[in-house]
Amino acid sequence: MTTPWKRLRRRGLLGINARNIVFTLGENPRRLYPLVDDKLRTKALCRSAGIAVADVLGRADHHAGVRALVASLASRSDFVLKPAKGAMGNGILVLGDATERGWLDAGGREVTRAELRYHAESVISGLYALGGQPDVAFAEERLTVTPEFEPIVHRGVPDVRVIVYRGIPVMAMTRLPTQRSGGKANLHQGAVGAGVDLDTGRTNHAMIGTRPIETHPDTGNRVVDFPIPQFDAALRTALLATDQTGLGYVGADIVIDRDHGPMVLELNARPGLAIQLANQSGLLLRLDAIRATAPDPLDFESRLALGREIARTTA
């Protein structure tokens, strides 16, 4: 039986070894990793460049600060608790309405203040951090999905991931929360991944895991050929944000907020490879096309145009 990954080999599939050796290690100076591995440093970097990010509501750098952090959130609804150095969505708690004892999560389960304290202490101990190192727990405002996305989202907030190589957009997808993913947009937790055409901003394919789909499993609405709201602005935000890092190969996660438009959620020096399944197209053809272009620096608009042209010609 031919797997989706095997079928993609004929279309320029980028494997994990090549990603790690050629692009992650070869294009990203290790000294710059902390800029994107630490979400709080990424926020500061983006803010300094005038790029919108979610506001930080509070933080706890040590176990002694957890009680004060949770107390400061007691009367507040709609926030997200995160590990500063977490990865793959692990350790993130999305909380909604406040209750007498705590809050309701995206699935409607009550999370008590005691449970949140325990979770924050686990974050600080490094349970969800890259390398298991001590971490910082912080709370940020919960962004609100723009209404255009509502037909293809089950609670939670979808995002748009853009792979950027040497300042040129390579490939994009949108990640859509489901009931199975608990309102999170992480593909390995059950969210939908839908490839996005860089030219038109419309979804071209969609999948859950490795299974192609046409409709959202919870809403029943069609997820293929769906126009991503404000996609051009999201693409520009991704390029602006990755330009600040000095990294050559980066993934940018952008949320289209109802009130603020495109905002940077996080940047990633080791973006995953499932974006190829979502687009039914390999990254390698596009990356090689960029490597073959003239080395002279291009201005912002020329980089956008080149990325779209390469996506068209390698589709």
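First, a word on scope: everything that follows refers to the structure included in this document.

**A word on the overall build of the protein chain**
Stage number 1. Each helix and strand in the protein chain was counted, giving 10 helices and 13 strands.
Stage number 2. For a compact globule of 315 residues, the expected C-alpha radius of gyration is about 20 Å, and the protein chain comes in at 19 Å, within 12% of that figure.
Stage number 3. Summarising its shape, the C-alpha atoms of the protein chain cover approximately 55 × 45 × 40 Å along the three principal directions.
Stage number 4. Residues counted as buried form 53% of the 315 residues belonging to the protein chain.
Stage number 5. When the accessible surface of the protein chain is summed, it comes to about 13800 Å², and 50% of that surface belongs to carbon and sulfur atoms.
Stage number 6. Each charge class in the protein chain can be summarised by its mean position, and for the 39 positive and 34 negative side chains these summaries are 6 Å apart.

**Brief notes about helix α4 (residues 39–48)**
Stage number 1. Where α4 is concerned, the buried positions are Lys39, Leu40, Thr42, Lys43, Leu45 and Cys46.
Stage number 2. Of the surrounding elements, those touching the buried residues of α4 are α3 (34–37), β1 (56–60), β2 (79–83), β6 (137–141), α7 (231–243) and β13 (261–268).
Stage number 3. Structurally, the start of α4 carries an N-cap: the backbone nitrogen of Leu40 is 2.9 Å from a side-chain oxygen of Asp38.
Stage number 4. Phi for Gly50, located one or two positions after α4, is positive at around 75°.

**Overview of the pattern of salt bridges**
Stage number 1. Applying the stated criterion across every chain yields a total of 21 salt bridges.
Stage number 2. The salt bridge involving Arg222 is made with Glu214; its shortest N-O contact spans 2.8 Å.
Stage number 3. Here Arg222 falls in the partly exposed class, since its relative accessible area comes to 47%.
Stage number 4. Put simply, Asp232 and Arg308 hold a salt bridge, and the shortest N to O gap is 2.8 Å. In this pair, Asp232 is assigned in helix α7 and Arg308 in helix α10 (residues 300–314), connecting sequence segments 76 residues apart.
Stage number 5. For Asp232, a relative accessible area of 32% corresponds to the partly exposed category.
Stage number 6. Overall, Arg308 belongs to the buried group, its relative accessible area being 16%.

Scoring rules and cut-offs
Residues numbered from 1 in each chain as written. Predicted model: local features only at pLDDT ≥ 70, side-chain atom pairs only at ≥ 80, totals over all residues. Heavy atoms only, no water. Helix = DSSP H or I, 4+ residues; strand = E, 2+ residues; numbered from the N terminus. Rg over C-alpha atoms; globule rule 2.2 N^0.38 Å. Buried < 20%, exposed > 50% of the residue type's maximum accessible area, 1.4 Å probe, protein only. Areas by Shrake-Rupley, 256 points an atom, 1.4 Å probe, with all protein chains shown as cover. Lys, Arg positive; Asp, Glu negative; His and termini not counted. Charge placed at Lys NZ, Arg CZ, Asp CG, Glu CD. Contact = heavy atoms within 4.5 Å. Polar contact = N/O pair within 3.5 Å; in protein donor to acceptor, adjacent residues only side chain to side chain. Salt bridge = Lys/Arg side-chain N within 4 Å of Asp/Glu carboxyl O.

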